[in-house]
Number of protein chains: 2
Amino acid sequence: MDVLCRCINSALFLSHDMRRDVRVHLLLLGDPDPGIIVRFEGSSLKYLNPDERSSGSLIKKSLQKNISDIQVQSTPGVWIRKGNLEMLMEEFRDTGRNIFYLKEDEIDIRASAHLMDDGIFIFGDDMGVNEDEEKLISGYEPYVISLGPLSLHTDHCITLINNELDRLVVDK
Amino acid sequence: MDVLCRCINSALFLSHDMRRDVRVHLLLLGDPDPGIIVRFEGSSLKYLNPDERSSGSLIKKSLQKNISDIQVQSTPGVWIRKGNLEMLMEEFRDTGRNIFYLKEDEIDIRASAHLMDDGIFIFGDDMGVNEDEEKLISGYEPYVISLGPLSLHTDHCITLINNELDRLVVDK
């Protein structure tokens, strides 16, 4: 859960501001109830502070809702429903946007930056993505990219991608 | 304190590993006892986990020591002493290393990367650096660099700099 909280921070925070054009899907696969999607909508999000406790508290609040296939909003900008990786990947494909999957020793992000505008980025947590999940993701033919020569925490990866996207907007 | 804890995380953590070649100086200027330097030595650091609570706990432990001008080690890799910005800047200059100061709308980091090897990087917290402090820092003629078009949290800035340094090592 700590990992997810840090990812929320790096995806959504600017200094004294929030990234209103970012949407984060957390896919929770742990017991007791595997298969839950919590979505943070930067555009309408409220009550989020940069510390881990704050995002953790919003996630916990969402998990107290009656969770079904129909999404419900737990606090402004935080939505929860049942779901799995395949459902998410189908929805991502339906958007028509470029999908990116992060992996070590692949094409460097700086060589792919021109494809990233409005992109969707898939990350594993610190346990990584298992073989079946990676096979499923590969079926959607994502661009597979690397962020540098070393293996990084997921939240640090998100910071690097946001910076690359920020630079894109300026270059336009 | 939350800000400092997040900075410790982004400065020192790799996925399942630690950056053993990083040294972090935290300059604490808040009440009740302004003018304390807590130093994290990546090379010898122990008992640090990626969550904010963990770095917070190591900082708190260090603050329980008898703090004087002579540094003492509170836990492996964490040192504490009295000190101020001018003392730190003098010590940094004496190393002969390049000093970098982060500021918006300056020369982009990617244009300065070749100067960064073994560099020393000065960050303000989320309240920024005040006028007197900036004047003092400027006296040491740092390279003044930017990280991108938007204003970012200090911990996110550190992640971006570490990535740029990682890329330098590979380019060597």
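Report follows, based on the coordinates. Bear in mind the structure is a predicted one, so any value in this text is a computation, not a measurement.

How each quantity is defined
Residues numbered from 1 in each chain as written. Chains lettered and ligands numbered in written order. Predicted model: local features only at pLDDT ≥ 70, side-chain atom pairs only at ≥ 80, totals over all residues. Heavy atoms only, no water. Salt bridge = Lys/Arg side-chain N within 4 Å of Asp/Glu carboxyl O. Buried < 20%, exposed > 50% of the residue type's maximum accessible area, 1.4 Å probe, protein only. Helix = DSSP H or I, 4+ residues; strand = E, 2+ residues; numbered from the N terminus. Core = buried A, V, L, I, M, F, W, Y, C linked by side-chain atoms within 4.5 Å. Contact = heavy atoms within 4.5 Å. Phe/Tyr/Trp six-rings, centres within 6.5 Å; stacked < 30°, edge-to-face > 60°. Expected span 1.5 Å × (residues − 1). Pairing = 2+ DSSP bridges. Axes fitted to C-alpha atoms, helices over the stretch in contact; angles between N-to-C directions.

**Things to note about the pattern of salt bridges**
Part 1 of the reasoning: What the rule picks out here adds up to 24 salt bridges over all chains.
Part 2 of the reasoning: In this structure, Arg39(A) and Glu41(A) form a salt bridge, with 2.7 Å as the shortest nitrogen-oxygen distance. In this structure, Arg39(A) and Glu41(A) share a single accessibility class: buried.
Part 3 of the reasoning: Linking Asp108(B) and Arg167(A) is a salt bridge whose minimum nitrogen-to-oxygen distance equals 2.9 Å.

**Some thoughts on the environment of Glu133(A)**
Part 1 of the reasoning: Looking at the secondary structure, you find Glu133(A) in helix 5 (residues 131–138).
Part 2 of the reasoning: Considering only alpha carbons, one finds Glu133(A) and Glu86(A), 47 residues apart in sequence, at a separation of 8.8 Å.

**A look at the nonpolar core**
Part 1 of the reasoning: Membership of the largest hydrophobic core comes to 28 residues, with the highest contact counts inside it found for Met116(A), Leu147(A), Ile161(A), Met116(B), Leu147(B) and Ile161(B).
Part 2 of the reasoning: Apart from residues no more than four positions distant in its own chain, Leu147(B) is found in contact with Asn163(A), Arg167(A), Leu102(B), Asp108(B), Ile109(B), Cys157(B), Leu160(B) and Ile161(B).
Part 3 of the reasoning: Judged by nonpolar contacts, the second largest core, of 23 residues, contains Leu4(A), Ile8(A), Ala11(A) and Ile80(A).

**With respect to the packing of aromatic side chains**
Part 1 of the reasoning: Taken as a whole and judged by the stated rule, the model has four aromatic pairs over all chains.
Part 2 of the reasoning: Centroid distance Phe100(B) to Phe121(B): 4.9 Å. Interplanar angle 15°. Geometry classified as stacked. Of the two residues, Phe100(B) sits in strand 7 (residues 99–108) while Phe121(B) sits in strand 8 (residues 120–122), which places them 21 residues apart along the sequence.
Part 3 of the reasoning: Owing to a relative accessible area of 17%, Phe121(B) belongs among the buried residues under this scheme.
Part 4 of the reasoning: For Phe100(B), a relative accessible area of 0% puts it in the buried group.
Part 5 of the reasoning: An aromatic cluster is built from Phe100(A), Phe121(A) and Tyr143(A), whose rings are joined through pairwise contacts.

**Describing helix 2 (residues 52–63) of chain B**
Part 1 of the reasoning: Its 12 residues give helix 2 of chain B an end-to-end C-alpha distance of 17 Å, which sits within 8% of 16 Å, the value for a rise of 1.5 Å per residue.
Part 2 of the reasoning: Among all positions of helix 2 of chain B, only Glu52(B), Ser54(B), Ser55(B), Gly56(B), Leu58(B), Ile59(B) and Ser62(B) are buried.
Part 3 of the reasoning: Lining the buried residues of helix 2 of chain B we find helix 2 (52–63) of chain A together with helix 1 (2–12), strand 3 (23–28), strand 4 (36–41), strand 5 (72–75) and strand 6 (78–82) of chain B.

**A word on the sheet that holds strand 8 of chain B**
Residue and element names in this part refer to chain B.
Part 1 of the reasoning: Taken together, three strands build an open sheet; the order of strands is 8-7-9 and the sheet is parallel. Across the chains shown, the open sheet's two edge strands, defined by having one partner strand only, are strand 8 and strand 9 (143–146). Strand-to-strand twist in this sheet, taken as the mean axis angle between neighbours without regard to direction, amounts to 55°.
Part 2 of the reasoning: With three bridges joining them, strand 7 and strand 8 adopt parallel strand pairing. The partner of Ile-99 across the bridge, within strand 8, is Ile-120.

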